[in-house]
Amino acid sequence: GDSVTQTEGQVALSEEDFLTIHCNYSASGYPALFWYVQYPGEGPQFLFRASRDKEKGSSRGFEATYDKGTTSFHLRKASVQESDSAVYYCALGDSGTYQRFGTGTKLQVVP
Amino acid sequence: GGIITQTPKFLIGQEGQKLTLKCQQNFNHDTMYWYRQDSGKGLRLIYYSITENDLQKGDLSEGYDASREKKSSFSLTVTSAQKNEMAVFLCASRDWGTDTGQLYFGEGSKLTVL
């Protein structure tokens, strides 16, 4: 079945470091791909999505590009801040009815 | 804007007990979801409902029942709580009218079974 893989369980960075969180998917066709962010004590919040090959999604300085060839949708940010510390989830739109989530990546940014 | 309200925020139960979680949304969204969140396992779909009185099983439906009697509410029942079970249950709804198809989540209900 369809699946989403996030390889990093935790990432620790210093402020102004470059961030990459890897997301790979397995699905047929062109599923929609999403990134969500979850702060402590809150539910996940939508960051952005993409649904076509080479489409770039972006929000709040974060971005990811849909790559059908490598089945990836890696999250990147050029310069992280302490306020970016959160858990990030990659998700796959499954047949348009529900979304299948990855295991999440906890980002900790130290000043 | 709207909001998703989950009650209770914390639920402590005994092994074998039937426990119910409630979710209300005022977005007027048709589709609602229940996900279970475990550390290191991400979010896994338990049940979803495309519209009022509809129920669809997710990957993790065994041991759970759900109910969608009104468009605005979606309940989840743990039919027999398991000892040492601890998880956060997240309710979400979806707006089919926008291009993003994003999910809107509540803050979660944390379950502890003693």
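Cut-offs and rules
- Position numbers for residues count from 1 along each chain, tracking the sequence in the order it is written.
- Lettering of chains starts at A and numbering of ligands starts at 1, both following the order in which they are written.
- Residues qualify for local features only when their pLDDT is at least 70, as the model is predicted, and side-chain atom pairs are given and counted only at 80 or more; totals for whole chains, interfaces and linings, by contrast, use all residues.
- Hydrogens and waters are ignored; side-chain quantities use all the structure's heavy atoms.
- At least two bridges found by DSSP between two strands is the condition for calling them paired.
- Helix and strand definitions follow DSSP, with helices as H or I runs of at least four residues and strands as E runs of at least two, each counted in order from the N terminus.
- Angles run from 0 to 180 degrees between N-to-C directions of axes, and those axes are lines fitted to C-alpha atoms, restricted for helices to the stretch in contact.
- We call Phe, Tyr and Trp rings a pair once their centres come within 6.5 Å, taking the six-membered ring for Trp, and we label the pair stacked below 30 degrees between planes, edge-to-face above 60, and tilted otherwise.
- Remark: exposure states derive from per-residue accessible area (1.4 Å probe, protein chains only) relative to the maximum for the residue type, with buried under 20%, exposed over 50%, and partly exposed in between.
- The contact rule is simple, with two residues in contact once any of their heavy atoms fall within 4.5 Å.
- As a working definition, buried area equals the accessible area (1.4 Å probe) given up by two parts on being put together, with both sides summed.
- Salt-bridge detection follows one rule: a side-chain nitrogen of Lys or Arg within 4 Å of a carboxyl oxygen of Asp or Glu.
- When the sulfur atoms of two cysteines come within 2.5 Å, that pair is taken as a disulfide.

Colleague: When you look at the sheet that holds strand E7 (residues 64-70) of chain B in this model, what are you seeing that I'm missing?
Modeller: Strand pairing within a sheet occurs via backbone hydrogen bonds; the two strands may be parallel or antiparallel. Residue and element names in this part refer to chain B. In spatial order, the strands read E1-E3-E8-E7; together these four strands make up an open sheet with antiparallel pairing. Looking at strand neighbours, the two that pair on one side only are strand E1 (4-7) and E7, the edges of this open sheet. Ignoring which end each strand starts from, the neighbouring axes of this sheet average 15 degrees apart. The pairing of strand E3 (residues 19-25) with strand E8 (residues 73-78) spans six bridges and is antiparallel. Of the residues in E8, the one forming a bridge with leucine 21 is leucine 76.

Colleague: Please explain the packing of aromatic side chains as it appears in this structure.
Modeller: Aromatic rings in a pair are described by how distant their centres are and how their planes are angled relative to each other. With the rule as written, the count across this model stands at 19 aromatic pairs over all chains. Here the aromatic rings of tyrosine 36 of chain A and phenylalanine 46 of chain A are separated by 5.9 Å at their centres, their planes lie at 70 degrees, and the arrangement is edge-to-face. Linking tyrosine 36 of chain A in strand E5 (residues 33-38) with phenylalanine 46 of chain A in strand E6 (residues 45-50), this pair joins segments that are ten residues apart in sequence. Given a relative accessible area of 0%, tyrosine 36 of chain A falls into the buried group. Phenylalanine 46 of chain A sits in the buried class, given a relative accessible area of 16%. By way of ring pairs, the aromatic residues Phe34, Tyr36, Phe46, Tyr89, Tyr98 and Phe101 of chain A together with Tyr33, Tyr35, Tyr48 and Phe105 of chain B are connected into one cluster.

Colleague: Could you clarify how one ought to interpret the interface of chain A and chain B in this entry?
Modeller: Note: interface size is frequently given as the accessible area lost on complex formation between the parts. With 18 residues of chain A at the contact, the number on the chain B side is 22 residues. Where chain A abuts chain B, roughly 1600 Å² becomes buried across the two surfaces, and 52% of that area is made up of carbon and sulfur atoms. If you sort the residues of chain A by the area they bury against chain B, Thr97, Tyr98 and Phe101 of chain A come out on top, with a joint share of 28%. On inspection of chain A and its partner chain B, the count reaches one salt bridge. A salt bridge links arginine 100 of chain A to aspartate 59 of chain B; its shortest N-O distance comes to 2.5 Å.

Colleague: It is not clear to me how the state of the cysteines should be interpreted in this structure. Could you clarify?
Modeller: By definition, a disulfide links the sulfur atoms of two cysteines through a covalent bond. Residues and elements named next belong to chain A. Per the stated rule, a full pass over the model turns up two disulfides over all chains. Between the sulfur atoms of cysteine 23 and its disulfide mate cysteine 90 the distance is 1.9 Å. Its torsion about the S-S bond being -65 degrees, the disulfide of cysteine 23 and cysteine 90 is classed as left-handed. Here cysteine 23, found in the loop between strand E3 (19-21) and strand E4 (24-26), pairs with cysteine 90, found in strand E10 (residues 86-94); they are 67 residues apart in sequence, far enough to count as distant. Its relative accessible area of 0% is what places cysteine 23 among the buried residues.

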